[in-house]
Amino acid sequence: MTIGYSLTNKNPFNPPTRWVGLDNLTSLVSDDDFLKALQNTVVITVIVTLVTNAGGLAIALLLDRRGWLYNALRSVFFVPVVLSSVVVSVIWQAILVDDGLLNSMLSRLGVSHPPGWLSDPSLALYTVSWVIAWQGLGFCVVIYLAGLQGIPQELHEAAAIDGCGPLMRFRHVTWPMLAPAVTINTVMSLIGGFKAYDQIQVLTNGGPGPGTTSTLAFQVIQTAFNGNHVGYASAMAVAMLVLVAAVSVVTLGLLQKREVSS
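First, a word on scope: everything that follows refers to the structure included in this document. Since we're looking at a predicted model, the values are computed, not measured.

**Notes on the overall build of the protein chain**
Alright, step 1. A count of helical and extended segments in the protein chain gives 13 helices and zero strands.
Alright, step 2. Walking the protein chain from its N terminus toward its C terminus, one meets helices and strands in the order α-α-α-α-α-α-α-α-α-α-α-α-α.
Alright, step 3. Counting across all 262 residues of the protein chain, residues that qualify as buried make up 39%.
Alright, step 4. By sequence separation, contacts in the protein chain at least 24 residues apart represent 68% of the contacts at least 6 residues apart.
Alright, step 5. Here the protein chain carries 12 positive and 13 negative side-chain charges, and the mean point of each set is 6 Å from the other.

Listed below in structure tokens is the structure:
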């Protein structure tokens with residue numbers, strides 16, 4: 001249905017609906033709002049993918065121990081994953097607003113002009129990216145922990161006997177054996193970054209300023225339900241689908257080749 005709407009000028013408050021073919025899709029190439037949303041989406045996706053994978057692997061290596069404390073910490077890190085994105089965003093909004101918890105603490109520490117984490121156009125996009133990455137971190141931790149616990153201990157022992165230190169064992173034993181976990185986490189992080197919407201809506205509503213933190217998903221919703229341009233919004237959604245599918249397929253293919261070579 002969305003593909004069908006993308007080929008029309010559908011507007012529920014301005015009938016009749018007319019066939020426009022590929023005009024909506026071709027108009028996206030010169031649409032500054034769409035291109036800005038695409039740029040923001042790419043930035044968020046790159047940050048989320050790098051932070052969740054690097055942070056998730058580091059935390060997983062620290063938690064790859066036995067004992068009740070480590071089991072409890074695993075649960076703590078996974079809690080944000082099961083929470084609603086809206087709930088997480090509301091919590092972080094209370095922390096990050098200009099008069100919120102974080103800036104209050106910075107003021108008490110002597111910072112005279114705390115940053116406007118959500119109100120400064122130069123910081124807002126990175127702040128939102130951090131919140132999205134923070135919520136997805138626990139998922140990566142669990143996947144990497146499963147990968148670490150699936151590595152035979154004999155391989156580490158053999159490498160240690162051969163004189164390999166911790167870094168050498170990680171490079172030549174742990175990292176190659178984690179290839180499937182890297183594939184899962186990278187692809188899921190990419191998809192999560194591309195479809196970011198809830199956090200944008202709650203934290204910044206696309207601002208501060210015009211389109212500062214607008215993403216593809218946010219732009220689709222705004223165009224369809226605020227502007228009532230359902231046909232044009234559908235074309236955005238189709239373009240977003242094709243883009244996410246292409247990036248996911250290419251990334252999956254490259255990482256699966258690494259699995260085979262590892």
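Next comes the rest of the write-up.
**Examining the packing of helix H3 (residues 32–63) against helix H4 (residues 68–82)**
Alright, step 1. It is the contact of H3 with H4, at a shortest axis distance of 10 Å, that shows an interaxial angle of 160°. For the element pair H3 / H4, the angle class is roughly antiparallel. Contacts between H3 and H4 pair Ile59, Leu62 and Leu63 from the former with Tyr70, Leu73, Arg74 and Phe77 from the latter.
Alright, step 2. Here the residues of the contact of H3 with H4 sort into six nonpolar, no polar and one charged.

**Side note on a nonpolar patch on the surface**
Alright, step 1. A surface patch of nonpolar side chains, amounting to about 400 Å² of accessible area, comprises Val79, Val82, Leu83, Val87 and Ile91.
Alright, step 2. For the nonpolar patch, the secondary-structure elements that each account for two or more residues are H4 and helix H5 (85–96).
Alright, step 3. Relative to the elements of secondary structure, Val87 occurs in helix H5.

**Regarding the packing of aromatic side chains**
Alright, step 1. Applying the stated criterion to the full structure yields four aromatic pairs.
Alright, step 2. A centroid spacing of 6.2 Å and a plane angle of 90° characterise the contact between Trp92 and Trp130, whose relative ring orientation is edge-to-face. Linking Trp92 in helix H5 with Trp130 in helix H7 (residues 124–149), this pair joins segments that are 38 residues apart in sequence.
Alright, step 3. With a centroid separation of 6.3 Å and an interplanar angle of 35°, the aromatic rings of Phe170 and Trp175 are classed as tilted.
Alright, step 4. Relative accessible area serves as the criterion here: at 26%, Phe170 is assigned to the partly exposed category.
Alright, step 5. One aromatic cluster is present, formed by Trp92, Trp130 and Trp134 through successive ring pairs.

**As for helix H12 (residues 216–226)**
Alright, step 1. Of all the positions in H12, only Leu216, Ala217, Phe218, Gln219, Val220, Thr223 and Ala224 are classed as buried.
Alright, step 2. Positive backbone phi, approximately 65°, marks Asn228, located one or two places after H12.

**Comments concerning the side chain of Thr186**
Alright, step 1. Secondary-structure assignment places Thr186 in helix H10 (residues 179–194).
Alright, step 2. A distance of 2.7 Å separates a polar side-chain atom of Thr186 from the backbone oxygen of Val182.
Alright, step 3. Once residues lying within four places of it in the same chain are set aside, the contact partners of Thr186 are Thr49, Asn53, Thr251 and Leu255.

**Focus on the nonpolar core**
Alright, step 1. In terms of nonpolar packing, the biggest core is built from 18 residues, with Val141, Tyr144 and Leu178 touching the most fellow members.
Alright, step 2. For this core, the secondary structure elements donating two or more residues are H3, H7 and H10.
Alright, step 3. Leave out the neighbours within four places in its chain, and Leu178 touches Leu57, Tyr144, Gly147 and Leu148.
Alright, step 4. Of all hydrophobic cores here, the second largest spans 15 residues; its members include Val88, Trp92, Leu96 and Ala133.

**Remarks on the environment of Gly21**
Alright, step 1. Relative to the assigned elements, Gly21 resides in the loop between helix H1 (2–6) and helix H2 (23–28).
Alright, step 2. Residue classification places Gly21 among the buried residues on the basis of a relative accessible area of 13%.
Alright, step 3. When the C-alpha atoms of Gly21 and Val111 are compared, they prove to be 56 Å apart, with 90 residues separating the residues in sequence.
Alright, step 4. With residues up to four places along the chain from it excluded, the contact list for Gly21 reads Ser6 and Leu7.

**Let's talk about H5**
Alright, step 1. For H5, spanning twelve residues, the distance from its first C-alpha to its last is 16 Å, which sits close to the expected 16 Å at 1.5 Å a residue.
Alright, step 2. Among the residues of H5, those classed as buried are Val88, Ser89, Trp92 and Leu96. The arc that holds every buried residue of H5, seen down its axis, measures 95°, which confines them to one face.
Alright, step 3. Two to three positions downstream of the cap, the backbone nitrogen of Val86 sits 3.1 Å from a side-chain oxygen, assigning the N-cap of H5 to Ser84.

Procedures and definitions
Residues numbered from 1 in each chain as written. Predicted model: local features only at pLDDT ≥ 70, side-chain atom pairs only at ≥ 80, totals over all residues. Heavy atoms only, no water. Helix = DSSP H or I, 4+ residues; strand = E, 2+ residues; numbered from the N terminus. Buried < 20%, exposed > 50% of the residue type's maximum accessible area, 1.4 Å probe, protein only. Contact = heavy atoms within 4.5 Å. Lys, Arg positive; Asp, Glu negative; His and termini not counted. Charge placed at Lys NZ, Arg CZ, Asp CG, Glu CD. Axes fitted to C-alpha atoms, helices over the stretch in contact; angles between N-to-C directions. Parallel < 35°, antiparallel > 145°, perpendicular 65-115°, else oblique. Nonpolar A, V, L, I, M, F, W, Y, C, P; charged D, E, K, R; others polar. Patch = residues over 30% accessible without salt bridge, like charges linked within 9 Å, V, L, I, M, F, W, Y side chains within 5 Å. Areas by Shrake-Rupley, 256 points an atom, 1.4 Å probe, with all protein chains shown as cover. Salt bridge = Lys/Arg side-chain N within 4 Å of Asp/Glu carboxyl O. Phe/Tyr/Trp six-rings, centres within 6.5 Å; stacked < 30°, edge-to-face > 60°. Polar contact = N/O pair within 3.5 Å; in protein donor to acceptor, adjacent residues only side chain to side chain. Core = buried A, V, L, I, M, F, W, Y, C linked by side-chain atoms within 4.5 Å. Expected span 1.5 Å × (residues − 1). Arc of directions from axis to C-beta.

All quantities given are derived from atomic positions and should not be read as evidence of function.
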